[in-house]
Number of protein chains: 2
Amino acid sequence: MGKRNLYLNNTPVEEARIIYKNALKDRIKMEYEEIPTEQSLGRITTEAVFALCSSPMFNAAAMDGIAVIAERTKGAIEREPLELKKQEDFIIVDTGDPVKYPYDAVIMAEDVLEIDESTVSILEAAAPWQHIRPVGEDIVCGEMLLASMHKIRPIDIGVLFSGGITKIKVVKQPKVAIFPTGTEIIEPESEPKEGDILESNSRMFEAMVTSYGGIAHRFPPIEDDYEKIKKAVSDALVHYDIVIINAGSSAGTEDYTVHILRELGKVLVHGVAIKPGKPVILAVAKDKPVIGLPGYPVSAYIGFENFVKPILTMFSGEYGYESNQVKAVLSKRLVSSLKHKEYVRVKVGEVGGRLVASPLSRGAGAAMSLVRADGFCVIDQNCEGIEAGESVTVELYRSMSEIRHTLVSIGSHDLILDLIGDLMSFHDPGIYMSSTHVGSMGGLMALKRGEAHMVPIHLLDEESGVYNLPYLVRLFQEPMSIIKGVKRIQGLMIQKGNPLNIKGIEDLTRCRYVNRQRGAGTRVLFDYKLKLLGIDPLLITGYGREAATHMAAAALVSSNSADAAMGIFAAANAMGLEFLPIGEEEYDFAVPVKYLDLPEMLSFIRVLKGEELHHRMDQIGGYQYDLAGEIQYLS
Amino acid sequence: MGKRNLYLNNTPVEEARIIYKNALKDRIKMEYEEIPTEQSLGRITTEAVFALCSSPMFNAAAMDGIAVIAERTKGAIEREPLELKKQEDFIIVDTGDPVKYPYDAVIMAEDVLEIDESTVSILEAAAPWQHIRPVGEDIVCGEMLLASMHKIRPIDIGVLFSGGITKIKVVKQPKVAIFPTGTEIIEPESEPKEGDILESNSRMFEAMVTSYGGIAHRFPPIEDDYEKIKKAVSDALVHYDIVIINAGSSAGTEDYTVHILRELGKVLVHGVAIKPGKPVILAVAKDKPVIGLPGYPVSAYIGFENFVKPILTMFSGEYGYESNQVKAVLSKRLVSSLKHKEYVRVKVGEVGGRLVASPLSRGAGAAMSLVRADGFCVIDQNCEGIEAGESVTVELYRSMSEIRHTLVSIGSHDLILDLIGDLMSFHDPGIYMSSTHVGSMGGLMALKRGEAHMVPIHLLDEESGVYNLPYLVRLFQEPMSIIKGVKRIQGLMIQKGNPLNIKGIEDLTRCRYVNRQRGAGTRVLFDYKLKLLGIDPLLITGYGREAATHMAAAALVSSNSADAAMGIFAAANAMGLEFLPIGEEEYDFAVPVKYLDLPEMLSFIRVLKGEELHHRMDQIGGYQYDLAGEIQYLS
């Protein structure tokens, strides 16, 4: 079966980091360069900066008015005004003008009475040095303006120029070579053949290196060829400060990275107790850090954050990263293994005045879960899990102001949710909607736990034949409302041309079905239909195979991984499938009355009623929206 | 006296903002441009982005191992292993490889026993679809990846490429023209003549525009010439989206901005109830925003933050700025006027587990106070002040992690403090020292209020002739220590060549003196010497004129604004003055024992004892450091 490196270690995260830092600390030298001050925004000073001149450079008028000799104004009072002669007793000054010997005070324009061209009168004596900014009041020549290792902000640039500093020594940005590897990996710009994977991690790394103060150089993908990879890395070690290889960092037949790095240098760590992200390689070659990162997007991201970012810091001097940590209430129990430190992606919502963290998919491949998540909840290696309701620390990577203005929707999935959220952000900038798809019942449970503002549902009450309302009556004590959504057509999504000649649900016993998850309204409807027809679910191949959304189910049918799935017309249409209508259902939004007047909810209702959305629904097809946006109160 | 616009309004900040936004909201149109995805980091989407392909694009192995037909593995158990034939029953797959019909499950390499080249044995049946990532598991073709008005992060770039998006529509960055004006203003690169002011605000604006997502174009300074400024602004209105004019925004003889803008368009607001920053002009010309900002650096900064940033936001769509607000205890009473909203710069320190905000200089010209500050405490217009000990909201512009690792020193000033802070940051990256200079007694009071970790002092006890210790004994109940600093020489700093032939303190009655502030150790020493000599302070011209630091006092003498000042040798030396020694004093650091083992304090002590600092002190001259870093405990 070829050469496999079955032995991946499980070094604890902190230990791995210390091993690596110790190996590098005498090898990494921070270098500097001198650049024009106007280009220094965001760069780090290498040495203290001292002012080359004072500011103001001279005693300056702090007001518009006249500069006088204080001594000569003595005795002026309201009933005995004093007349002063231009050039002799005073000169006119504007704010910022120099005030020179013998002048030693300024009288404000408002307090000066003009008699004629060259004479004024004052009603009060001036105190020496009044309304004068003394030389060096702001900056004294020779004063330290900025210390070493300071990240330059806009205000610093202003002060540097005031202090006469037009060039400045800053830390040189480390150059980072990024090598995507893998025979199946192709550039996203090219046309994929079957089995090809679009290269995306290296582009993400490129952006991360830039964000953390480095200069990234991304190379084109290298096929899985030992010699080619070795040569590329070996060459890069001459010109770059850090080398990243992605992926091939695990122990598969074609995972060459670790062997190459053992040949070129020393592998210090192979395999870290972190999830996702275990197959990490930390190596040193030619005195430079070489890091192998795993290929799954989430693993790649977490590996970078944990092991590349600290190394970038050693070069760039950027220590001031704020890890934006908040405390939130965990919405459901999280179990984790003692084998690793785990990074669980969470959605964070501010619902009813408290922050709630809801765990998302834990798969390493689910890059979209990183995009959808608001942050990580980190479970330490020595912790077996966290109970629902406990307070957890979340490392946010979305801003708190965004989170505060986000309408949290948890429940059943429909394509229009994304459209609505988009229209909300577009028309009410600064307002957001976050949708999590856990099915109708899952959403109602989340609402009961206080995690959501709103639940999209389509739940048929078998007894009454009525949609949605009966469930709310049964489940909630508090005043509830329903914001009417759409009527939509549910049916069977089947392959183009209907090769298996499926005519209805009864034909599903002779094909490969893919189901929706438990608690999904679509599944409730399917079970209801099976019951009506008296079909035993066990007779349907794939009844136990679950897809999380209409679109995911449609994608499986479209790729011939299944023959049929139940779903909405819109999803079948989007994936180019045929559609057998089964029935119409009501897709509405359950909302506690207390949340109806949130600005975010008002924005939601506006969009739901708006023509723009209706037009988009017409384009997709399969929706009726006559009542959309109407509010029904449960009595 | 020329033309003055004496009438500056006092429009409340919020009202001014609303007036301006309303005037602009139909005139500003967000524009877009299409750019390559890899260049989109930090840009804002103009429309929702939908995936062009799924990820994975096919059913893919989620593990290294073999792909099998689940049906054919039925019956395999540990005591009855099942043999499978290559190409017939299985194929070898690595993680990410496609798994195609008829294969529908993957068995991990670890669970496969190799029999020979083409035969393996398994101990357990495979469940259909096990260890397979179904097509579209991460991204389903057609799915919305990013909504409108979303700021693109590194992880988004990864997902965009996975979804086949190589180009993306983003909001066009607004182009901002920045005009520095003023006859006395010169480029910082040129050689200043007397009365010249180095232009620095426009460089700060340039950096602020960049930070807030715009493209800045800074023009060279224009002299105070009505027609020249008018022509420049008029031309810029053709090519730029926003025009900033600095300064000339007030009501002085040469403040043309408001007249020019009245001619070119409409002035909506002239004068805002904000301190610092009152002389702001908000105008519209050729349907474009034109903003006049005041010339004082702090006013310029606050004016930009309050009036330019919101306008930039209207163009750039960047609404997600986190204003980093924290609650802190105010260290001293702040009085403010009902006439304006006031922005008070504060230092924020974490001392003894609580955040303390200490107000800094309130002058509009003190740009260094912006650099030294950690944030603003905003006093609303309808508030007359805040009492010491009250909790206030601080808008931080330094990160909390930096603040947590900052040694807070408040007390007497010496040049070596900056050097020490610099060496601390350099040798212990991530550790900082913040020094505020309020004199020895001011520092001890701050320590008593819990605002500081450490107080640099040089206080002579007149009775015992002993420095520092007696004061701590008198003032503190809690266990205190003294970290020994340096002995330094105090004396009279006088002009080069000693034109007034000053021989000692007794000669000060016939010259212009500049004193230090009340509570400064130097002033205590001066008063002590006057008393010894029997000289009445009232006989000394300038006894009441105060400078806040040795350097500031030296600068006044150096610029012939005074003839003599008391100060340390180092300051006289730095400003090229002559120096008449008066006496030697002990400059030490008062520290509560409980703070002695803070990591920041240990770093401070290491630097104080180190050769690098001693070497620098030798270069400056006037210091003795035999005991530096020794700790004396008060019993």
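Definitions and limits used
Residues numbered from 1 in each chain as written. Chains lettered and ligands numbered in written order. Predicted model: local features only at pLDDT ≥ 70, side-chain atom pairs only at ≥ 80, totals over all residues. Heavy atoms only, no water. UniProt positions renumbered as here; feature names shortened; annotations may be inferred. Least-squares fit on C-alpha atoms with pLDDT ≥ 70 in both. Contact = heavy atoms within 4.5 Å. Phe/Tyr/Trp six-rings, centres within 6.5 Å; stacked < 30°, edge-to-face > 60°. Helix = DSSP H or I, 4+ residues; strand = E, 2+ residues; numbered from the N terminus. Buried < 20%, exposed > 50% of the residue type's maximum accessible area, 1.4 Å probe, protein only. Buried area = accessible area lost by both parts, 1.4 Å probe. Salt bridge = Lys/Arg side-chain N within 4 Å of Asp/Glu carboxyl O. Polar contact = N/O pair within 3.5 Å; in protein donor to acceptor, adjacent residues only side chain to side chain. Nonpolar A, V, L, I, M, F, W, Y, C, P; charged D, E, K, R; others polar.

Labelled according to an unreviewed UniProt entry, chain A appears under the name Molybdopterin molybdenumtransferase, originating from Lacrimispora algidixylanolytica. Under the heading Sequence similarities (unreviewed entry), UniProt records this for chain A: "Belongs to the MoeA family." UniProt lists a comment for chain A under the heading Pathway (unreviewed entry), and it reads "Cofactor biosynthesis; molybdopterin biosynthesis."

Caption draft 1: Looking closely at the relation of the copies chain A and chain B. You can overlay chain A on chain B at an RMSD of 0.1 Å; the transform is a turn of 180° with a shift of 0.0 Å along its axis. On the angle and the small slide along the axis, the relation comes out as a two-fold axis. Nearest to the rotation axis, the C-alpha of Asn324 of chain A is located 5.3 Å from it, this being the minimum over chain A. Looking at the interface residues of chain A, 100% of them are also at the interface in chain B, so both copies use one shared face.

Caption draft 2: Spotlight on the packing of aromatic side chains. One pass over the full model with this rule turns up 28 aromatic pairs over all chains. Here Phe376 of chain A and Tyr397 of chain A contribute two aromatic rings whose centre-to-centre distance is 5.6 Å and whose plane-to-plane angle is 65°, an arrangement assigned as edge-to-face. With Phe376 of chain A in strand β26 (residues 375–379) and Tyr397 of chain A in the loop between β28 (391–396) and α8 (400–404), the pair connects residues that are 21 residues apart, well separated along the chain. Their ring planes at 80° and their centres at 5.7 Å tell us that Tyr587 of chain B and Phe589 of chain B sit as a pair that is edge-to-face. Tyr587 of chain B gets classed as buried once you look at its relative accessible area, which sits at 0%.

Caption draft 3: Highlighting the side chain of Ser148 of chain B. Looking at where Ser148 of chain B falls in the secondary structure, it is placed in the loop between β11 (144–146) and α2 (154–162). With relative accessibility at 3%, the residue Ser148 of chain B sits in the buried group. Apart from residues lying up to four places away in sequence, Ser148 of chain B is in contact with Asp422, Ser425 and Phe426 of chain A together with Thr45, Thr46, Glu47 and Ala48 of chain B.

Caption draft 4: Molecular detail of the interface of chain A and chain B. If you look at the interface, chain A gives 113 residues, while chain B gives 113 residues. For the pair chain A and chain B, the summed buried surface comes to about 9100 Å²; carbon and sulfur atoms form 63% of the total. If you look at where chain A meets chain B, you find six salt bridges. In this structure, Arg372 of chain B engages Glu143 of chain A in a salt bridge whose closest nitrogen and oxygen atoms are separated by 2.5 Å. Applying the counting criterion to the chain A and chain B interface returns 20 residue pairs in polar contact (both at pLDDT 80 or more). Class assignment for the residues of the side of chain A that touches chain B results in 61 nonpolar, 25 polar and 27 charged.

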